[in-house]
Amino acid sequence: MENALKIQIWSDIMCPFCYIGKRRIEGALQKFEHKEAVEIEWKSYQLDASFVASTEDNMVDHLADKYNKDSEWAQGMLNNMTQNAKNAGLDFHFDKAVLANSLHAHRLLHLAKKHNLANDLEELLFKAYLTDGKNINDLNTLKGLGLEVGLNAQAIDAVLYSDAYTTEVQQDIKEAQSIGVQGVPFFVFDSKYAVSGAQDVETFVKTLEKVWEEGKFQTKPTVLNTTDGDSCGIDGCN
């Protein structure tokens, strides 16, 4: 889209706040009078690129082990996250969540991006992991989601049964590191301003209006919010 107000969003499917952030930026766009001139580009980020899940893993035990806490603390954290999601109109089911490495999902997202279907696939991937309890590292599951958004079956297979787009995923992550991303979701507006975390709708609306009014570009994003919003980093979600 020419002359678009471009929003780049770094996210990981395994990050609950990324799904919440998606809903909040969508809510902001509904309030933004120039929403038809906004283009969103999804960028890959992996909270733990080396993660290997086992069939015994579950979210409660995973969090308890990660933070060296008991299961009651971990369950409380998940309950709070579930309520945050509900406030955003989402329905999380961490009891069904299948922990997985998100690399294959990100590679498929890059294929979807070529066909302007990345936003649709991002939605289905979040829902699959956080609501439906599907394994987003399973190639058949990913193929089904790709077909659902309209990707070609042969093109999907060509990506999933190869290392296609692995380099692009890594490049997205390196780009994030180069601009100081510490956690996701991370939103960059026209390469000018950045908002860290799943901020409230009004924060996104104000940022959209500011960028639109200025209508200029600069190479290094300036973080507008003085405190981080809800996000997930390599050390966990907070």
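Each remark here, short or long, concerns the structure printed above.
The structure displayed is predicted, hence computed values, not measured ones. (Residues numbered from 1 in each chain as written. Predicted model: local features only at pLDDT ≥ 70, side-chain atom pairs only at ≥ 80, totals over all residues. Heavy atoms only, no water.)

**Details of the sheet that holds strand β7 (residues 232-233)**
Now for step 1: One open sheet accounts for 3 strands, arranged β3-β7-β8; its pairing is antiparallel. The open sheet is flanked by β3 (183-184) and β8 (236-237), the only strands paired with a single partner.
Now for step 2: Alignment of β3 against β7, held across 2 bridges, turns out to be antiparallel. Its bridge partner being in β7, Gly183 is matched across the sheet by Gly233. (Pairing = 2+ DSSP bridges. Helix = DSSP H or I, 4+ residues; strand = E, 2+ residues; numbered from the N terminus.)

**A word on unusual backbone geometry**
Now for step 1: In this model, Val184 is joined to Pro185 through a cis peptide bond whose omega is 5°.
Now for step 2: Within the secondary structure, Pro185 is located in the loop between β3 and β4 (186-189).
Now for step 3: Positive phi, normally seen in glycine, also occurs at Asn116, with a value near 55°.
Now for step 4: Along the chain, Asn116 turns up in the loop between α4 (103-114) and α5 (118-130).

**Here's the deal with empty space enclosed by the protein**
Now for step 1: Applying the stated rule across the entire model yields 1 cavity of 30 Å³ or more.
Now for step 2: Of all the secondary-structure elements, those providing two or more residues to the lining of the largest cavity are β2 (38-44), α4 and α5.
Now for step 3: Of the residues forming the lining of the largest cavity, the biggest block, 4 residues, is contributed by α4. (1 Å grid on protein atoms, 1.4 Å probe; cavity = no way out; pocket = protein on both sides within 12 Å on 5 of 7 lines; lining within 4 Å. Points joined across faces, edges and corners; volume = space filled by probe spheres on them.)

**Overview of the layout of surface pockets**
Now for step 1: If you add up the space inside the largest pocket, you get close to 390 Å³.
Now for step 2: In terms of lining residues, the largest pocket is bounded by 24 residues, among which Met14, Leu47, His62, Lys66 and Leu99 are the most central.
Now for step 3: Breaking the lining of the largest pocket down by element, the ones donating at least two residues are α2 (59-67), α3 (71-87) and β8.
Now for step 4: The class makeup of the residues in the lining of the largest pocket is 16 nonpolar, 5 polar and 3 charged. (Nonpolar A, V, L, I, M, F, W, Y, C, P; charged D, E, K, R; others polar.)

**Re α4**
Now for step 1: The end-to-end C-alpha distance of α4, which contains 12 residues, comes to 17 Å, matching closely the 16 Å that a straight helix rising 1.5 Å per residue would cover.
Now for step 2: Turning to α4, its buried residues number three or more, namely Ala105, His106, Arg107, Leu108, Leu109, His110, Leu111 and Ala112.
Now for step 3: Next to the buried residues of α4 lie β1 (5-11), β2, α5, α6 (139-149), α7 (153-160) and α8 (166-178). (Expected span 1.5 Å × (residues − 1). Buried < 20%, exposed > 50% of the residue type's maximum accessible area, 1.4 Å probe, protein only. Contact = heavy atoms within 4.5 Å.)

**Side note on the packing of aromatic side chains**
Now for step 1: Following the criterion strictly, the structure yields 6 aromatic pairs and no others.
Now for step 2: A ring pair is formed by Phe32 and Trp212, whose centres lie 6.1 Å apart and whose planes are at 80°; its orientation type is edge-to-face. Taken together, the positions of Phe32 in the loop between α1 (16-30) and β2 and Trp212 in helix α9 (residues 201-214) put the pair 180 residues apart, joining distant regions of the chain.
Now for step 3: Summarising the aromatic geometry, the rings of Phe92 and Phe94 are spaced 5.5 Å apart at their centres and angled 85° between planes, so their arrangement reads as edge-to-face.
Now for step 4: Residue class for Phe92 comes out buried when judged on its relative accessible area of 3%.
Now for step 5: Under the relative-accessibility criterion, Phe94 is labelled buried at 8%. (Phe/Tyr/Trp six-rings, centres within 6.5 Å; stacked < 30°, edge-to-face > 60°.)

**Notes on the side chain of Thr207**
Now for step 1: Position of Thr207 among the secondary structure elements: in helix α9.
Now for step 2: Beyond its immediate stretch of four places on either side in the chain, Thr207 contacts Phe189, Val195 and Leu224.

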